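Topology and contacts: notes
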Amino acid sequence: MESLNAKTLADVPGTVRVPGTRPDRAGILHIGAGAFHRAHQAVYTDGTGWGITVAAPRSREVIDALAAQDGLYTVATLGPEGTELRVVGSIVDTLHIATEEERALDLIAADETHVVTLTVTEKAYRDPHGVPGLLAKGLARRAEHGGAPLTILSCDNLPDNGAATRAAVEPLLDEATRAWAEQHVTFPSSMVDRIVPASTRATFDRAAETLGYVDDAAVEAEPFTQWVIEDRFAGPRPDWDATFTDDVAGWERLKLRTLNGVHSTLAYLGALAGAETISETLALTGARNFAERLIADQIAPSLTPPDRTDPVAYGHEVLERFANPGIRHRCLQIAMDGSQKLPQRLFGTIADLAEAGRPIGLIALPLAAWIRFCAGRADDGSALPLDDPLAGPLRQSLTAAGDHPAAQVGAILGVRQVVPEPVASNHELRLAATAWLVDLDRLGVARTLENA
Ligand code: CS2
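Computed from a predicted structure; not experimentally measured.

Criteria and cut-off values
- All residue numbers here refer to positions counted from 1 along the written sequence of the relevant chain.
- Totals for whole chains, interfaces and linings use every residue, but because this is a predicted model, local features are given only for residues with pLDDT of at least 70 and side-chain atom pairs only at 80 or more, for both listing and counting.
- To obtain the side-chain values, all non-hydrogen atoms of the structure were included, while hydrogens and water were left out.
- Here's how the labels work: a residue is buried when its accessible area is under 20% of the maximum for its type, exposed when over 50%, partly exposed in between, all with a 1.4 Å probe on protein chains only.
- Starting at the N terminus, helices and strands are each numbered in turn, a helix being any DSSP run of H or I of at least four residues and a strand any DSSP run of E of at least two.
- By definition, two strands form a pair when at least two bridges between them are found by DSSP.
- To define axes, lines are fitted to C-alpha atoms, for helices over the stretch in contact only, and angles between the resulting N-to-C directions are given on a 0 to 180 degree scale.
- Any angle from 65 to 115 degrees is called roughly perpendicular, while one under 35 is roughly parallel, one over 145 is roughly antiparallel, and all others are oblique.
- Working rule for contacts: check all heavy atoms of both residues, and any pair within 4.5 Å makes them a contact.
- Just so you know, the domain bounds were taken from an automatic or database domain assignment.
- Once two parts are brought into contact, the accessible area they lose, counted with a 1.4 Å probe and summed over both, makes up the buried area.
- One speaks of a salt bridge when a side-chain nitrogen belonging to Lys or Arg is within 4 Å of a carboxyl oxygen belonging to Asp or Glu.
- Polar contact is defined as a pair of N or O atoms within 3.5 Å, subject to the rule that within protein one atom must be able to donate a hydrogen and the other to accept it, and that residues adjacent in sequence are counted only when both atoms are side-chain atoms.
- In this classification, the charged set is Asp, Glu, Lys and Arg, the nonpolar set is Ala, Val, Leu, Ile, Met, Phe, Trp, Tyr, Cys and Pro, and all remaining amino acids, among them Gly, are polar.
- Working definition: residue near molecule or strand if any one of its non-hydrogen atoms lies within 4 Å of it.
- The method behind every accessible area is Shrake-Rupley, applied with a 1.4 Å probe, and residues are considered shielded solely by the protein chains displayed.

1. Digging into the pairing of strand β2 (residues 52-56)
Of all five residues that make up β2, five are buried, and the element is covered over most of its length. Burial along β2 is two-sided: Ile52, Val54 and Ala56 and Thr53 and Ala55, pointing in opposite directions, are all buried. Here strand β1 (residues 28-31) runs beside β2; their pairing, made up of four bridges, is parallel. Its bridge partner lying in β2, Ile31 is registered against Ala55. Bridge count between β2 and strand β5 (residues 91-96): five bridges; the pairing is parallel. Its bridge partner being in β5, Ile52 is matched across the sheet by Ile91.

This is the structure in structure tokens:
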């Protein structure tokens, strides 16, 4: 079978939506070639007249597939009424940072690049040698020639992701670049939302079957999509069909604590119970009920929701989205990098509840589930992988704690890079998480949820 590309595009079946006139140049440099970018920002950009150069920091797999297909690929939207396929045409070039750093720096420095967008995952913001270092070097080059204004737009699931990007880059700038950047570079925050599981063989097979052409860069996603962007661009930007606002923080917090918080909760519970996906986990007896109570009793009261949003109704919609049987979002994918995710997904909620003198009994269960997940055994005794940049310290602290739930909870709460004060020393949390961990050890997830 031939591949999807600029030539074969003319022959894809009429049921598949195809891009109109494609841009010939990229005004956007995007760093991070994961499925999420292809199903989110690249879709918003398709049809705006703007093009994207997609840069992959390390793995070449996706960008090689895109390059072989002239940047074209499909997004399958998996809705209750079936699947819709669309070819996206906004990616016009690719770049491999590990082997083409000079070109990456030139692109950051080029006046034709107006926006740099990022989906590099939470942990990348903590590695000065990685993406922050690259941005700093690129900005130095841009400053050197007194370059045009530039917007650096984070699309990662971090609170205040604009400020977080700035905080990662700014200390790496020399004085002259910093002075220039203050006048010419902005770091707006944005809240991004669409459930996009990692592509699998089934994704590629489905695309090929419908298209009649091979698509090795295909992605699949749920119908829902949202993008809330702080309107603070240094220069021109595409006319994305997004919500532009002065205040993204409320949206970020609502989404991180509700969608991502419950996602992580279900991911750890599901992984321990032997469920493969989030929708399977949600179908366990008691799981949905627990998630609803978690949202209504703990997450919603911890938030000041953005305008006219009811956090309980929002949470309800989130659970409907999680239940979509077409989306096979693996628990182990979401369970990855817990040390980087849980601060904004769980610990902020716990801190705010505790400060307001509210109970924290329910939200101690996801904490206990994560601790048991870190210990590495599922309920049936099988091994669970701990894919986390802090896997070493997490496992060591658990080994030192031995088999005692209270000691295990104390050990993990004591990992300072992960758990902030006052959460770490919250006595009520320790007791509640220990009680849940005892239940999980004795009964397993399924029965714990039934009794919860
Ligand atoms: C998920 C997110 O992998 C994860 O940790 O919670 O990728 C989630 O699917 C997205 O944020 C949804 O917008």
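On we go from here.
2. Digging into the packing of helix α14 (residues 338-355) against helix α15 (residues 364-375)
Two elements in contact, α14 and α15, have axes whose closest approach is 11 Å; the angle formed by their N-to-C orientations is 170°. When the axis of α14 is compared with that of α15, the two are roughly antiparallel. Facing α14, whose interface residues are Gly338, Ser339, Leu342, Leu346 and Phe347, α15 presents Pro366, Leu367 and Trp370.

3. So, the domain arrangement of the protein
Partitioning the protein into domains gives domain 1 (8-245) and domain 2 (249-451). Taken together, the contact pairs 25 residues of domain 1 with 23 residues of domain 2. Summed over both partners, the interface of domain 1 with domain 2 buries about 2100 Å², with 54% contributed by carbon and sulfur atoms. Counting every contact that joins domain 1 to domain 2 gives four salt bridges. One salt bridge in this structure joins Arg321 and Glu222, with 2.5 Å as the shortest N-O distance. Scanning the region where domain 1 abuts domain 2 turns up nine residue pairs in polar contact (both at pLDDT 80 or more). The set of elements that each furnish at least two residues to the side of domain 1 that touches domain 2 consists of β9 (190-193) and β11 (226-230). Counting residues per element, the side of domain 1 that touches domain 2 draws most heavily on β9, at four residues. Taken together, the residues of the side of domain 1 that touches domain 2 sort by class into 13 nonpolar, five polar and seven charged.

4. Digging into the sheet that holds strand β6 (residues 115-118)
Spatial strand order, β5-β2-β1-β6-β7-β8: six strands in an open sheet with parallel pairing. Single-partner strands in this sheet number two, and they are β5 and β8 (185-186). Pairing geometry for β6 and strand β7 (residues 150-154), over four bridges, is parallel. What sits directly across from Val116, in β7, is Ile152. Relative to β5, helix α4 (residues 101-109) is tilted by about 135°, and along the sheet it contacts β1, β2, β5 and β7. Those strands touched by helix α5 (residues 131-144) are β1, β6, β7 and β8, and its axis lies near 170° from that of β7.

5. Focus: the site of the ligand
The immediate surroundings of the ligand are formed by Asn157, Val192, Asp193, Arg194, Lys255, Leu259, Asn260, His263, His329, Ile334, Lys341 and Arg345. In this structure, an oxygen atom belonging to the ligand sits 3.0 Å away from a main-chain N or O atom of Arg194. Between the ligand and the protein, one listed contact pairs an oxygen atom with a side-chain N or O atom of Arg345 at 3.0 Å. Burial of the ligand by the protein amounts to 89% of the accessible area it has alone, namely 340 Å². Put simply, the parts of the chain that give the shell around the ligand at least two residues each are β9, α9 (249-273) and α14. Residues belonging to the shell around the ligand are distributed by class as follows: three nonpolar, four polar and five charged. Residue assignment places the shell around the ligand across two domains, with domain 1 (8-245) and domain 2 (249-451) each supplying three or more.

6. A word on unusual backbone geometry
With an omega of -5°, the peptide bond running from Glu421 to Pro422 counts as cis. Looking at the element boundaries, Pro422 is found in the loop between α17 (405-413) and α18 (427-451). Its identity as a non-glycine residue notwithstanding, Asp70 has a phi of 55°, on the positive side. Mapping Asp70 onto the fold places it in the loop between α3 (61-68) and β3 (73-79). In this structure, Arg308 takes a positive phi of about 60° despite not being glycine. Within the secondary structure, Arg308 is located in the loop between α11 (287-299) and α12 (311-323). For Arg308, a relative accessible area of 84% translates into the label exposed.

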